[in-house]
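Structure assessment
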Amino acid sequence: HMPFVPILTPRLLLRPFTEMDDQNLFDLDSDPEVTRHVNGGQPPDMERIRTEIIPRFLGFQRRGDGLGFYLAE
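In this report, we go over the structure that sits alongside the text.

Reading the values: the criteria
Residues numbered from 1 in each chain as written. Predicted model: local features only at pLDDT ≥ 70, side-chain atom pairs only at ≥ 80, totals over all residues. Heavy atoms only, no water. Phe/Tyr/Trp six-rings, centres within 6.5 Å; stacked < 30°, edge-to-face > 60°. Helix = DSSP H or I, 4+ residues; strand = E, 2+ residues; numbered from the N terminus. Pairing = 2+ DSSP bridges. Contact = heavy atoms within 4.5 Å. Core = buried A, V, L, I, M, F, W, Y, C linked by side-chain atoms within 4.5 Å. Buried < 20%, exposed > 50% of the residue type's maximum accessible area, 1.4 Å probe, protein only. Arc of directions from axis to C-beta. Expected span 1.5 Å × (residues − 1). Bend = angle between axes of the 7 residues up to and from the residue. Polar contact = N/O pair within 3.5 Å; in protein donor to acceptor, adjacent residues only side chain to side chain.

A word on the packing of aromatic side chains
Describing an aromatic ring pair means giving the distance of the ring centres and the angle of the ring planes. Applying the stated rule across the entire model yields three aromatic pairs. Between F57 and F69 the ring centres are 4.1 Å apart and the planes differ by 20 degrees, which places this aromatic pair in the stacked class. With F57 in helix α3 (residues 46–63) and F69 in the loop between α3 and β3 (70–72), the pair connects residues that are 12 residues apart, well separated along the chain. The structure contains a cluster of three or more aromatic residues connected by ring pairs, namely F17, F57, F60 and F69.

A short note on the pairing of strand β2 (residues 13–16)
Consecutive side chains along a regular strand alternate between the two faces of the sheet. When strand β1 (residues 7–8) meets β2, the two strands line up antiparallel, connected through two bridges. Looking at the pairing, I7 lines up with L14 of β2. Relative to β3, β2 is paired through three bridges, and the arrangement is antiparallel. The partner of P16 across the bridge, within β3, is Y70.

Notes on the environment of T35
With respect to the helices, strands and loops of the structure, T35 is situated in helix α2 (residues 32–35). Considered as a pair, T35 and L14 are 21 residues apart in the sequence and their alpha carbons are 22 Å apart. In this view, T35 contacts D29, S30, G41, Q42 and P43; residues no more than four positions away in its chain are not counted.

Here we look at the nonpolar core
A general feature of soluble globular proteins is that nonpolar side chains tend to end up buried together. Among the nonpolar cores identified, the biggest contains eight residues, and these are F17, L25, I49, I53, I54, F57, L58 and L71. The biggest single contributor to this core is α3, with five residues.

Remarks on helix α1 (residues 22–30)
Within α1, the full set of buried residues consists of D22, L25 and D29. Buried residues of α1 fall within an arc of 70 degrees about the axis and therefore sit on the same side. Buried residues in α1 make contact with α2 and α3.

Quick notes on the sheet that holds β2
Working definition: the strands of a sheet are paired by backbone hydrogen bonds and lie parallel or antiparallel to each other. Strand order in the open sheet formed by three strands is β1-β2-β3, with antiparallel pairing between adjacent strands. A strand with exactly one partner marks an edge of an open sheet, and here the two such strands are β1 and β3.

What to know about α3
Between its first and last C-alpha atoms α3 spans 25 Å; for 18 residues at 1.5 Å apiece the expected length is 26 Å, and the two agree. Along α3, the helix axis deviates most sharply at I53, where the bend reaches about 30 degrees; the proline P55 sits within four residues downstream. By the burial criterion, the buried members of α3 are M46, I49, I53, I54, F57, L58 and Q61. With a side-chain oxygen lying 2.9 Å from the backbone nitrogen of E47, the N-terminal cap of α3 falls on D45. Downstream of α3 by one or two residues, G64 has phi in the positive range, about 80 degrees.

Right, dumping it as structure tokens:
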């Protein structure tokens, strides 16, 4: 199994999601340019982010194969 580790370049950090990233994901999905491509164009739902989306992202990390969703900073 490959670990799910951060990827760092001089301009970018790609890191695994944490439970604390719910607000980051909500803010991203609230941007009209993003909203039109996700959630069927509907505004984000914080409860769904917390109870469905973030847990699904974390589930990929628990598999331990290094694949999944990263947060870009």
